[in-house]
Amino acid sequence: MTNAIVHTRVRKVAADSITDTSDILATEEPLEIRLVHGPSHNRRQQNISVTMRTPGEDMELAAGFLFTEGVISGQDAIQEIILSEDKEGQIATVHLKPGAVAQLGNTARNFTATAACGVCGKTEISSIHTAVSVNDNDIRFSADHLFGLPAMLRNEQALFDTTGGLHAAALFDANGRLLILREDIGRHNAVDKIIGAAMAQQLMPLKNHLLLLSGRAGFELIQKAAMANIPVIAAIGAPSSMAVKMADAWHITLLGFLKEQRFNIYSAPERIDFKSKVTHHG
């Protein structure tokens, strides 16, 4: 957590007072992702992206980013990931196995992506749609379990408690058990870290899991989850129109406004199991 926060001096202003004090901020620093690929006799290095992120779990972030962008097919493509630093900042160099093929094309990003950006660097509208297949998983999640997920997420958000400035993503199994939680100043980075961790733990594909988002659900987060075959996505905030459209197209169950014992279902409602009688108002 040390590198994930920085201390600063602030002047706090209230209606009746001004106080000089200290504050804690979430760290935002660049991470360059490089790729080394090709046959053993002709290896080449390529700069893929620079993303603004909160330091920590950088290897998971690099692996998850490359997977959700469709550059690599999975953990088996990775030989090793080396973290280093130069005068410009931190670097994660992902070495692919000699036989692994990097699918670069329009998916590579060769310039900075901000912490708020999930599809920055795309040069054509068509390139924001990676190769996602329709999710045919029929797993069901209990509504009673869903109601309890936001509290579980909040209880585990150590960095948010410290700074108040980070997004979180969490992976749950079908029984509502928290498996992985990651925080980052960029919501898309938090999801990439989750998927990178799942890759390292040999959990892929995530056909029997639910992804919980601490904020809103944008299209880019739906796409990243879809790449990992996640069938249910729940957001504490609102979904965007494109998020709903693509969740419906990919048959992903998308929930929004999951808080205070309530939620909205925007697509594929059949995966939600209501054990108690629910009154339906047409």
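Enquirer: Quick question: what am I supposed to make of the overall build of the chain here?
Expert: In terms of helices and strands, the chain carries 6 helices and 15 strands. Looking at the chain residue by residue over its 282 residues, the buried ones come to 51%. Restricting to contacts in the chain with at least 6 residues of sequence separation, those with at least 24 account for 53%. Summed over all atoms, the accessible surface of the chain reaches about 13500 Å², with 50% contributed by carbon and sulfur.

Enquirer: What am I meant to see in the sheet that holds strand β14 (residues 262-267) here?
Expert: Picture the strands of a sheet paired through backbone hydrogen bonds; they go either parallel or antiparallel. One open sheet accounts for 6 strands, arranged β10-β9-β11-β12-β13-β14; its pairing is mixed. Edge strands, defined here as strands with exactly one partner in the open sheet, are β10 (178-184) and β14. Mean inter-strand twist for the sheet, computed between neighbouring axes without regard to direction, equals 20 degrees. The pairing of strand β11 (residues 209-213) with strand β12 (residues 232-235) spans 4 bridges and is classified as parallel. The residue bridging Leu210 from the neighbouring strand is Val232, located in β12.

Enquirer: Any chance you could explain the pairing of strand β13 (residues 253-259) here in plain terms?
Expert: Consecutive residues of a regular strand have side chains that alternate between opposite faces of the sheet. Where burial is concerned, most of β13 is hidden: 5 out of the 7 residues are buried. The pairing of β12 with β13 spans 3 bridges and is parallel. Its bridge partner lying in β13, Ala234 is registered against Leu255. As for the winding sense of the linkage, the β-α-β connection from β12 through helix α6 (residues 241-249) to β13 is right-handed. In terms of strand pairing, β13 meets β14 through 4 bridges, oriented antiparallel. Across the sheet, residue Gly256 finds its bridge partner in β14, namely Asn264. In textbook terms, the turn of a hairpin is the stretch between consecutive antiparallel strands, and for β13 and β14 this stretch comprises 2 residues, one of which, Glu260, has a positive phi near 55 degrees.

Enquirer: So what exactly am I meant to see when it comes to helix α4 (residues 187-200) here?
Expert: Working note: α-helix, 3.6 residues per turn, so residues spaced by three or four point in the same direction. Across its 14 residues, α4 extends 20 Å between first and last C-alpha, which sits within 8% of the 20 Å expected from 1.5 Å per residue. At the exit of α4 stands Gln202, carrying a positive phi of roughly 60 degrees.

Enquirer: Help me out: how do you make sense of helix α5 (residues 219-227) in this one?
Expert: Counting buried positions along α5 yields 9 of 9 residues, so the element is predominantly enclosed. When α5 is considered as a whole, its buried residues turn out to be Phe219, Glu220, Leu221, Ile222, Gln223, Lys224, Ala225, Ala226 and Met227. In this fold, the buried residues of α5 make contact with α1 (58-68), α4, β11, β12, α6 and β13. Phi turns positive one or two residues past the end of α5, at Asn229, with a value near 65 degrees.

Enquirer: Where do I start with the nonpolar core in this structure?
Expert: Buried together is how nonpolar side chains tend to be arranged in soluble globular proteins. One finds Leu35, Leu66, Ile72, Leu213 and Ile222 to be the most contacted residues of the largest nonpolar core, which totals 52 residues. Of all the elements, α4 adds the most residues to this core, at 7 residues. Every residue in contact with Leu35, bar those within four places of it in the chain, is listed here: Arg44, Gln45, Gln46, Ile48, Leu66, Val71, Val94, Leu96, Ala102 and Leu104.

Conventions we followed
Residues numbered from 1 in each chain as written. Predicted model: local features only at pLDDT ≥ 70, side-chain atom pairs only at ≥ 80, totals over all residues. Heavy atoms only, no water. Helix = DSSP H or I, 4+ residues; strand = E, 2+ residues; numbered from the N terminus. Buried < 20%, exposed > 50% of the residue type's maximum accessible area, 1.4 Å probe, protein only. Contact = heavy atoms within 4.5 Å. Areas by Shrake-Rupley, 256 points an atom, 1.4 Å probe, with all protein chains shown as cover. Pairing = 2+ DSSP bridges. Axes fitted to C-alpha atoms, helices over the stretch in contact; angles between N-to-C directions. Right-handed = clockwise from strand over helix to strand, strands pointing away. Expected span 1.5 Å × (residues − 1). Core = buried A, V, L, I, M, F, W, Y, C linked by side-chain atoms within 4.5 Å.

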